[in-house]
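Listed below, chain by chain, are the residues.
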Amino acid sequence: MILSAAELDTETVLTTDTHLPFSVNINLKVRKGSKEPKVTYPIVQGMAFVTAGYRDAMPMIQTGGRGFSDISKPVMKGTIAKYRIKDYENRDWLVYVIPAPTVAYDASRFLKIDTNTLLGPPAFRGIVQAARNPIGARGEAIYDRAAGTFAAEVVLTAVVDEARAAYSFTYKKVGTSSLLIFALPHHIQSLEQDLNSQVTDIKLRTSTKGSAKALWTDKLTCIETNLPFTMSFGPWSPNVSANTRIHYPPDVLSFIAAVAERDMRRAITDHISPDSHYFAGKALARLATIIWVTKDVLGNDTLAFAGLAKLEQEMKNYVENQQWNPIYYDDSWKGVVSFAGFRVPSADHGNTYYNDHHFHFSYFVYTAAVIGYLNPEWLEQSDNKAWTNMLVKDYAESDYNGRDYPFQRSFDW
């Protein structure tokens, strides 16, 4: 289902505005230099309708494949005109046309002009909303109640208390009808109890995240009651307390000790790649893991702290930005990037172009966490802690209105 306009042609220009973590406005202008877009689409995660706002344009609805098999006569709901549409794949759609208050809209002017195209009246101002209706009359009644209103943006908030967390998506809407949104399976599974009664029977397949369900709410709140806050560096089970030490049979410990000592001596003398954050991070994280095993599993403090001294020295080069390709703050996209890509875009696995920062930098973050665990004083020395937090903020800024980094750059909520 394509919501378009007859005026749009090969010179159409696409722009975006109001970039927020869960939403963006997409605009289509007839040509470069146009004063205002002909069509604007507010795209919001969880939206129940695809909504198109028209400014003096002729709405056009198209579909691919074998086209539309049927379009009903308009059904008026106040000033809103509803059309039932069926395509040749036997899918049912609902289209709502909501004219601006000053527009005299003739609902009979929305016509099927060929198999794949429906055309509305010229110079239309208002919104058109489209939705898939998989459950017939029951779904139609739900969409009728929601028509004329759409989500404009979403704000995420959360409160965490050890093993329990509550997080909420609060929607800002345009319109006076109740807001219908879609929630993913893991949202429904953890839904706040009061919202269970607001879940409807409308269910649609998403492209990658299972079947989403529609529910009535301006604020989607989920509760998680079993967060793994006791997890540390070693093997972990939700049924084992944080203070329980895992015991290994003597023959297993003996084998681990032999391998760990060999790996430690090799890691201490190994060359750390000076020109790649990706490979350097992996090498440092590997050494950190060997040190932790040597100290906490085997109890060999002498060997562990020999490795720790090497690890702290290597990390010092990065904290002081003395590596071959230092990192810079990029004021355009608000983040930390390797100098390597200023010369060759693909250098360092695309780090300069923000590829895989949640891998590249998390190796360093993990390494810093191990050092801080074994030597808490290290965290208070120099810029060690601030430098580590900077890397975290680059790919996982938790401040929704953060100044220097975008909110959760590398994670899709």
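As the structure is a computational prediction, the values presented were derived from the model and not from experiment. (Residues numbered from 1 in each chain as written. Predicted model: local features only at pLDDT ≥ 70, side-chain atom pairs only at ≥ 80, totals over all residues. Heavy atoms only, no water.)

We now examine the overall build of the protein chain. Along its length, the protein chain carries 10 helices and 21 strands. By the compact-globule yardstick of 22 Å for 413 residues, the protein chain is too spread out, its C-alpha radius of gyration being 28 Å. On the principal axes, the C-alpha backbone points of the protein chain span a range of 85 × 50 × 35 Å. Within the protein chain, the proportion of its 413 residues that are buried is 43%. (Helix = DSSP H or I, 4+ residues; strand = E, 2+ residues; numbered from the N terminus. Rg over C-alpha atoms; globule rule 2.2 N^0.38 Å. Buried < 20%, exposed > 50% of the residue type's maximum accessible area, 1.4 Å probe, protein only.)

The next thing to look at is the pairing of strand β16 (residues 180-183). Two faces make up the sheet, and in a regular strand the side chains alternate between them. Residues of β16 alternate between two faces, with Leu 180 and Phe 182 on one and Ile 181 and Ala 183 on the opposite face, all of them buried. Two elements, β16 and strand β18 (residues 211-216), share four bridges in a ladder whose sense is antiparallel. The residue of β18 that forms the bridge with Leu 180 is Trp 216. (Pairing = 2+ DSSP bridges.)

Looking now at the side chain of Asn 384. Take Asn 384: it is sitting in helix α10 (residues 384-396). Judged by its relative accessible area of 6%, Asn 384 falls in the buried class. Within polar-contact distance, the side chain of Asn 384 engages the backbone oxygen of Trp 378 at 2.8 Å. Polar contacts involving the side chain of Asn 384 include one to the main-chain carbonyl oxygen of Gln 381, which spans 3.2 Å. (Polar contact = N/O pair within 3.5 Å; in protein donor to acceptor, adjacent residues only side chain to side chain.)

Bringing the packing of aromatic side chains into the picture now. The geometry of an aromatic ring pair is captured by the separation of the ring centres together with the interplanar angle, meaning the angle of the planes. A full pass over the atoms with the stated rule returns 20 aromatic pairs. Consider the rings of Phe 233 and Tyr 366, whose centres lie 5.9 Å apart with planes at 75°: the pair is edge-to-face. One end of the pair, Phe 233, is in the loop between β19 (219-224) and α3 (250-269); the other, Tyr 366, is in helix α8 (residues 357-374), with 133 residues separating them in the sequence. For Tyr 366, a relative accessible area of 27% translates into the label partly exposed. Geometrically, the ring pair formed by Tyr 395 and Phe 411 is tilted, given 6.5 Å between the ring centres and 55° between the ring planes. In this pair, Tyr 395 is assigned in helix α10 and Phe 411 in the segment after α10, connecting sequence segments 16 residues apart. Residue class for Phe 411 comes out partly exposed when judged on its relative accessible area of 43%. Joined through ring pairs, the aromatic side chains of Phe 22, Tyr 167, Phe 169, Tyr 400 and Phe 407 make up one cluster. Looking at Arg 132, its charged tip hangs above the ring of Trp 93, at a distance of 5.8 Å from the centre. Here the guanidinium or amino end of Arg 145 rests over the ring plane of Trp 216, the centre of that ring lying 3.9 Å away. (Phe/Tyr/Trp six-rings, centres within 6.5 Å; stacked < 30°, edge-to-face > 60°. Lys NZ or Arg CZ within 6 Å of the ring centre and 35° of its normal.)

Next up on the list: the domain arrangement of the protein chain. Domains assigned within the protein chain are domain 1 (2-150), domain 2 (152-224) and domain 3 (250-396). Between the C-alpha centres of domain 2 and domain 3 the distance comes to 38 Å. (Domains from an automatic or database assignment.)

Moving on: the packing of helix α5 (residues 301-319) against α8. For the pair α5 and α8, the least separation of the axes is 11 Å and the interaxial angle reads 135°. With respect to α8, the axis of α5 lies oblique. In this structure, α5 crosses over α8, and the sense of that crossing is left-handed. The segment α5 lies against α8, with Phe 305, Leu 308, Leu 311, Glu 312, Met 315 and Tyr 318 engaging Phe 364, Thr 367, Ala 368, Ile 371 and Leu 374. Its residues placed into classes, the contact of α5 with α8 shows nine nonpolar, one polar and one charged. (Axes fitted to C-alpha atoms, helices over the stretch in contact; angles between N-to-C directions. Parallel < 35°, antiparallel > 145°, perpendicular 65-115°, else oblique. Left-handed = near helix turned anticlockwise from the far one by under 90°. Contact = heavy atoms within 4.5 Å. Nonpolar A, V, L, I, M, F, W, Y, C, P; charged D, E, K, R; others polar.)

As summarised here, the arrangement of the three strands in space is β16-β18-β17, forming an open sheet in which the pairing is antiparallel. Where the open sheet ends on each side, the last strands, each with one partner, are β16 and β17 (199-205). Across this sheet, the average inter-strand angle for adjacent strands is 30°, counted without regard to direction. Helix α1 (residues 136-146) rests against β16, β17 and β18 of the sheet, and its axis sits at about 105° to β17.

Those places that UniProt annotates as "domain: Glycosyl hydrolase family 81 C-terminal" (unreviewed entry) correspond, in this numbering, to residues 250-413. Secondary structure across residues 250-413 comprises 63% helix and 5% strand; the distance between its end C-alpha atoms is 44 Å. (UniProt positions renumbered as here; feature names shortened; annotations may be inferred.)

Turning our attention to the nonpolar core. The nonpolar side chains of a soluble globular protein tend to be buried, and buried together. With 35 residues, the main nonpolar core has Ile 291, Met 315, Phe 364 and Trp 387 as its most contacted residues. If you list the elements that add at least two residues to this core, you get α3, α4 (277-297), α5, α8 and α10. A total of 10 residues in this core trace back to one element, the largest contributor, which is α4. Residues in contact with Met 315, not counting those within four places in the same chain, are Leu 284, Phe 364, Thr 367, Ala 368, Ile 371, Trp 378 and Trp 387. Judged by nonpolar contacts, the second largest core, of 25 residues, contains Ala 5, Leu 28, Ile 61 and Val 95. (Core = buried A, V, L, I, M, F, W, Y, C linked by side-chain atoms within 4.5 Å.)

Moving on, we come to the UniProt feature "domain: Glycosyl hydrolase family 81 N-terminal" (unreviewed entry) in the protein chain. Feature annotation in UniProt places "domain: Glycosyl hydrolase family 81 N-terminal" (unreviewed entry) on residues 1-238, given in this structure's numbering. Structurally, residues 1-238 comprises 7% helix and 51% strand, and the distance from its first C-alpha atom to its last is 46 Å.

Once that is clear, we can look at the pairing of strand β21 (residues 335-338). Burial of β21 is two-sided: the residues Gly 335 and Val 337 facing one way and the residues Val 336 and Ser 338 facing the other way are all buried. Two elements, strand β20 (residues 327-330) and β21, share four bridges in a ladder whose sense is antiparallel. Bridge pairing in β21 links Ile 327 to Ser 338. Between β20 and the antiparallel strand that follows it, β21, lie four residues; Lys 334 among them carries a positive phi value of about 60°.

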